[in-house]
Amino acid sequence: MQLSEAILKGAKLRPQTTTKCFKRSDDKQTVSSCVLGAAYEATFGFDNEHIKLLTGDVIEALQKEYPILSVSLAQELFVLNDNKGQPRESIAAFVKEIEMKFLKNKK
């Protein structure tokens, strides 16, 4: 699975949030995820302990699975998710373009 595919898969699992990878709603009934939280959940699954994961831990785990996820790309994904409010599906399309360029240049 590519990072873009993990983002798309995870985006279908729960609502989008900002500022944290996983966030519980005020009424404690719903957990939402950011773009990297979505990728993490699609890749590794989710249980209630994951809500406590620090952003750095999520990035580190994802980098082991998806070497394309550099620190600068992770920062850019946070900007798109948190500051620009882009849906995770459009962020996944952005990542897919990067993956395609990476694979093209690798040949």
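As the structure is a computational prediction, the values presented were derived from the model and not from experiment.

A. The packing of aromatic side chains, seen in detail. Using the criterion set out here, one finds 3 aromatic pairs in the structure. Each ring, one from Phe22 and one from Tyr40, has its centre 6.2 Å from the other, and the planes form 75°; the classification is edge-to-face. In this pair, Phe22 sits in strand 1 (residues 22-24) while Tyr40 sits in helix 2 (residues 35-44), placing the two residues 18 residues apart along the sequence. Accessibility classification places Phe22 together with Tyr40 in one group, the buried group.

B. Examining helix 5 (residues 88-106) more closely. Between its first and last C-alpha atoms helix 5 spans 26 Å; for 19 residues at 1.5 Å apiece the expected length is 27 Å, and the two agree. Considered for burial, the residues of helix 5 that qualify are Arg88, Ile91, Ala92, Val95 and Glu99. Within helix 5, the buried residues cover an arc of 95° as seen down the axis, which keeps them to one side. Structural note: helix 5 exposes Met100, Lys101, Lys104 and Asn105 on the side pointing more than 90 degrees away from its buried face.

C. Quick look at the environment of Cys21. Mapped onto the elements, Cys21 comes out in the loop between helix 1 (3-11) and strand 1. When its relative accessible area of 2% is taken as the criterion, Cys21 is described as buried. The spacing of Cys21 and Ala39 is 18 residues in sequence and 9.7 Å in space, taken between C-alpha atoms. Discounting chain neighbours no more than four positions away, the residues touching Cys21 are Ser32, Ser33, Cys34, Gly37, Thr55, Val58 and Phe78.

How each quantity is defined
Residues numbered from 1 in each chain as written. Predicted model: local features only at pLDDT ≥ 70, side-chain atom pairs only at ≥ 80, totals over all residues. Heavy atoms only, no water. Phe/Tyr/Trp six-rings, centres within 6.5 Å; stacked < 30°, edge-to-face > 60°. Helix = DSSP H or I, 4+ residues; strand = E, 2+ residues; numbered from the N terminus. Buried < 20%, exposed > 50% of the residue type's maximum accessible area, 1.4 Å probe, protein only. Expected span 1.5 Å × (residues − 1). Arc of directions from axis to C-beta. Contact = heavy atoms within 4.5 Å.

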